[in-house]
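Listed here are the chains, written in short residue letters.
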Amino acid sequence: MKGFIKLIIVIAVLGGIWFAWEQWKGNEAIQVDYQTEPLEKGDLMITIDATGVTEPDELVDVGAQVSGIIMEFGKDLDGKVVDYSSPVKAGQMLAEIDKLPVQLDVQRAEASKAQAIAGIARAKADIQQAKAKHQQARLDRERAEKLGPGDALSKSSYDQYIADEETARANVAVAEASLQEAEASLKQAEAALKKEMRNLEYTTIQSPVDGVVVKRLVNIGQTVVSSMSASSLFYIATDLSKLKIWAAVNEADIGSIRKGQEVLFTVDAFSGRKFKGTVDKIRLDATMTSNVVTYIVDIDVPNPDKLLIPYLTANVQFVVEDIRDAFLVSNAALRFRPETELVSAEQKAAFERMQPELAAPAQNGQKKKAVVWELRDNLLYPHLVTRGESNGMLTAITGETLREGMEIVSTAQILNRSGNSEDGASASAGIAAAAAGVSAAAIIAVIILVVLRLFRGALADGFLQRLLRLGFLFGDGVVFRLRVVGKGLDIGDHGVCRFDLRIQLGLLGVQFLLEELLLVTGLLVALLDGLNILARRHVLLFQ
């Protein structure tokens, strides 16, 4: 039995040494993986992004004023039939509509004019005839008035002469009115003739401007119907050396857009090449789509080489601010905050002195303060800086302590989290851990011996048959179960189960020493596993 006690003590001492070693390893120096970037000066452009479409500077819709069938197309400046992308000049024929119906209308208008002219001649003749009759009636009246009513001239005859003269005078007025009516009819006929002549001209569709045919909407043989509005036949862009971009800008950004502002844009047709333009105007008729309000901004785009063409999708950048030769850091570097154990006491104090300025709100146009951390000789140093403009990835900063080439930390990852950066504390912690391990092992050894003595007396009883079940559970906790079936002792459960290993032994006829060794071995394994878990800062829960 004395040899067995020695074995227990040796095992306890070894367990304490093992626990101390685990603690000692946990007190190694902290290893950190720093991600840094050199502080450099550069240019930063703050922009507002939008999407737009290139449009002709002026687009003319050429339509038809008359109805009819398209008979033929004209020739462009290259001598080809007018089609898409055909260059044309003002007055050049684009297409011709069937002239026959309009020519017949012209003939009818000419006949109406001739009829009106004849009506004028007849009215003039009627006037002459009426005037002659009036002259005769006037003379008859004068003779009747000289004679007067009496024996030579009856009263009724006298009255008749008077009435005839007045009737003749009225007929002259009627004839003159007929002449005026005939003259009006002539003017009406002339107007109708002019209209029909103009319609005859409209059967020949001409280009109103110099430009390029962007779109042709009709074909030969197609019937054009002109009603309340002219039918569209062609779209002509006047001058492709100047284009426009219609860009949709969100209401949140429209306040930063102004007339004459510089614009940069790209198109997929010429990837890798940037084009320039200037803001012309902001259209005030905003549109709302899915509760999002946008404004259309017109952008003037010079296109002297006519490389750009209409209706290209443009990725637009409105230049809000163009910063030159400024210190630039990533936004990750401005967000970086080191953990406490990575910063020396002196630099912690320096960082604390910066807190009032960091917490103060920006007022009266002042810019907000921030801190960047410099890595020098594997030590971190804080620098107070003033934030400038940012494009979402880089931010311009200014600061009195900044210098070009500084290594600015953006991220830091601790590789051995359980370590400690204080060497003196590491040594003392290791010694304390070793002492605690040996002490704990000694206490557990004493408890084991007491329990064995109790069980040994119970196992020596010849009238009992017992079954010894010993279970170990390893993982996030320790479970220890010892149960003697029959008249014996029951020690409860401890911890949380992950997996269970059971050993069952029939006790009769088995040497007590073997039983005790098995029991001690199980207890020691459970003990060492529990100490290991404790060293990793877990808590044993004893229920």
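Every value quoted in this text rests on a predicted model; they were computed, and no experiment measured them. (Residues numbered from 1 in each chain as written. Predicted model: local features only at pLDDT ≥ 70, side-chain atom pairs only at ≥ 80, totals over all residues. Heavy atoms only, no water.)

A. Quick look at unusual backbone geometry. Phi angles above zero are rare outside glycine, and S290 is one such case at about 55°. Relative to the helices and strands, S290 is located in the loop between β14 (287–289) and β15 (292–302). The phi torsion at D377 lies on the positive side, around 55°, for a residue other than glycine. For D377, the location among the structural elements is in the loop between β17 (369–376) and β18 (379–390). Look at D377 and you get exposed, because its relative accessible area is 69%. (Helix = DSSP H or I, 4+ residues; strand = E, 2+ residues; numbered from the N terminus. Buried < 20%, exposed > 50% of the residue type's maximum accessible area, 1.4 Å probe, protein only.)

B. Highlighting the side chain of N199. Within the fold, N199 resides in helix α3 (residues 155–202). The buried category is assigned to N199, whose relative accessible area is 16%. Setting aside chain neighbours within four positions, we find N199 in contact with V66 and V102. (Contact = heavy atoms within 4.5 Å.)

C. A nonpolar patch on the surface, seen in detail. On the surface, a nonpolar cluster with roughly 240 Å² of combined accessible area is contributed by V53, L59 and Y311. On the secondary structure map, Y311 appears in the loop between β15 and β16 (313–330). Among the residues examined, Y311 registers a relative accessible area of 42% and is labelled partly exposed. (Patch = residues over 30% accessible without salt bridge, like charges linked within 9 Å, V, L, I, M, F, W, Y side chains within 5 Å. Areas by Shrake-Rupley, 256 points an atom, 1.4 Å probe, with all protein chains shown as cover. Salt bridge = Lys/Arg side-chain N within 4 Å of Asp/Glu carboxyl O.)

D. Up close: the environment of Q103. Mapped onto the fold, Q103 is located in helix α2 (residues 100–147). Judged by relative accessible area, Q103 falls into the partly exposed class, the value being 35%. Separated by 96 residues in sequence, Q103 and N199 have C-alpha atoms that sit 8.9 Å apart.

E. Broad picture of helix α5 (residues 345–359). Over its 15 residues, α5 extends 21 Å from the first C-alpha to the last, a length consistent with the 21 Å expected when each residue adds 1.5 Å. By the largest-angle criterion, R353 marks the main kink of α5, which is about 30°, and a proline, P356, follows within four residues. All of the buried residues along α5 are Q347, A350, F351, M354 and L358. (Expected span 1.5 Å × (residues − 1). Bend = angle between axes of the 7 residues up to and from the residue.)

F. Local environment of the sheet that holds strand β4 (residues 68–73). A sheet is described by the order of its strands in space; here four strands give the open sequence β7-β6-β4-β9, paired in antiparallel fashion. In the strand order of this sheet, the two ends are held by β7 (204–206) and β9 (223–224), each with one partner. Looking at chain direction, strand β6 (residues 93–97) and β7 are connected through three bridges and run antiparallel. Counted as the bridge partner of E96 is T204 from β7. (Pairing = 2+ DSSP bridges.)

G. Here's a closer look at the pattern of salt bridges. Applying the stated criterion across every chain yields a total of 17 salt bridges. Put simply, D43 and R324 hold a salt bridge, and the shortest N to O gap is 3.0 Å. A residue pair is termed long-range when its members are at least 10 positions apart, and D43 in strand β2 (residues 40–56) and R324 in strand β16 qualify at 281 residues. Residue classification places D43 among the partly exposed positions, given a relative accessible area of 45%. Note on R324: relative accessible area 54%, which makes it exposed. Between R283 and D298 there is a salt bridge, and its shortest N-O distance comes to 3.1 Å. Separated by 15 residues along the polypeptide, R283 in the loop between β13 (275–282) and β14 and D298 in strand β15 bring together distant segments of the chain. Relative accessible area serves as the criterion here: at 3%, D298 is assigned to the buried category. Linked by salt bridges that have partners in common, K244, K259, D280, K281, R283, D298 and D300 make up one network.

H. Representation of the pairing of β6 within the structure. Taking burial as the measure, the five residues of β6 include four buried ones, the bulk of the element. Pairing geometry for β4 and β6, over three bridges, is antiparallel. The residue of β6 that forms the bridge with E72 is E96.

I. Fine view of the confidence of the model for the protein chain. The share of residues in the protein chain with pLDDT of 70 or more is 70%, and the mean pLDDT across the chain is 78. The low-confidence segment residues 419–429, where pLDDT is below 50, has 13 contacts with residues more than four positions distant or belonging to other chains. Predicted confidence is poor over residues 458–518, with pLDDT under 50, and the contacts of this stretch with residues over four places away or in other chains come to 119 contacts. (pLDDT = per-residue confidence, 0-100.)

J. The nonpolar core, seen in detail. Counting residues in each nonpolar core, the largest one holds 23 residues, and the members touching the most others are F265, I299, V316 and F318. In this structure F265 touches I245, R273, K274, F275, K276, V301, L308, A314, N315 and V316, once residues within four positions along its chain are discounted. (Core = buried A, V, L, I, M, F, W, Y, C linked by side-chain atoms within 4.5 Å.)

K. Region of the structure containing the sheet that holds strand β5 (residues 87–88). Spatially, β3-β10-β8-β5 is the arrangement adopted by the four strands of the open sheet, whose pairing is antiparallel. For this open sheet the edge positions go to β3 (59–64) and β5, each flanked by a neighbour on one side alone. Both strand β8 (residues 211–216) and strand β10 (residues 231–237) contribute to a ladder of four bridges, which runs antiparallel. Residue pairing across strands places K215 opposite Y235, the latter belonging to β10.

L. Highlighting the packing of aromatic side chains. Taken as a whole and judged by the stated rule, the model has four aromatic pairs. Consider the rings of F265 and F275, whose centres lie 5.5 Å apart with planes at 25°: the pair is stacked. Of this pair, F265 sits in strand β12 (residues 262–267) while F275 sits in strand β13; the two residues are ten residues apart in sequence, bridging distant segments of the chain. Here F275 falls in the buried class, since its relative accessible area comes to 10%. Ring geometry for F270 and F275: centres 6.3 Å apart, planes at 70°, overall edge-to-face. Here the aromatic cluster, defined as three or more aromatic residues joined through ring pairs, consists of F265, F270 and F275. A cation over a ring is seen here: K41 above F327, with NZ or CZ 5.1 Å from the ring centre. (Phe/Tyr/Trp six-rings, centres within 6.5 Å; stacked < 30°, edge-to-face > 60°. Lys NZ or Arg CZ within 6 Å of the ring centre and 35° of its normal.)

M. Main features of the environment of I245. Within the secondary structure layout, I245 lies in strand β11 (residues 242–250). Given a relative accessible area of 0%, I245 falls into the buried group. C-alpha of I245 to C-alpha of D298: the two residues are 53 residues apart in sequence and 5.8 Å apart in space. Once residues within four sequence positions are removed from consideration, I245 is found in contact with G52, V53, T54, F265, V297, D298, I299, V301, A314 and V316.

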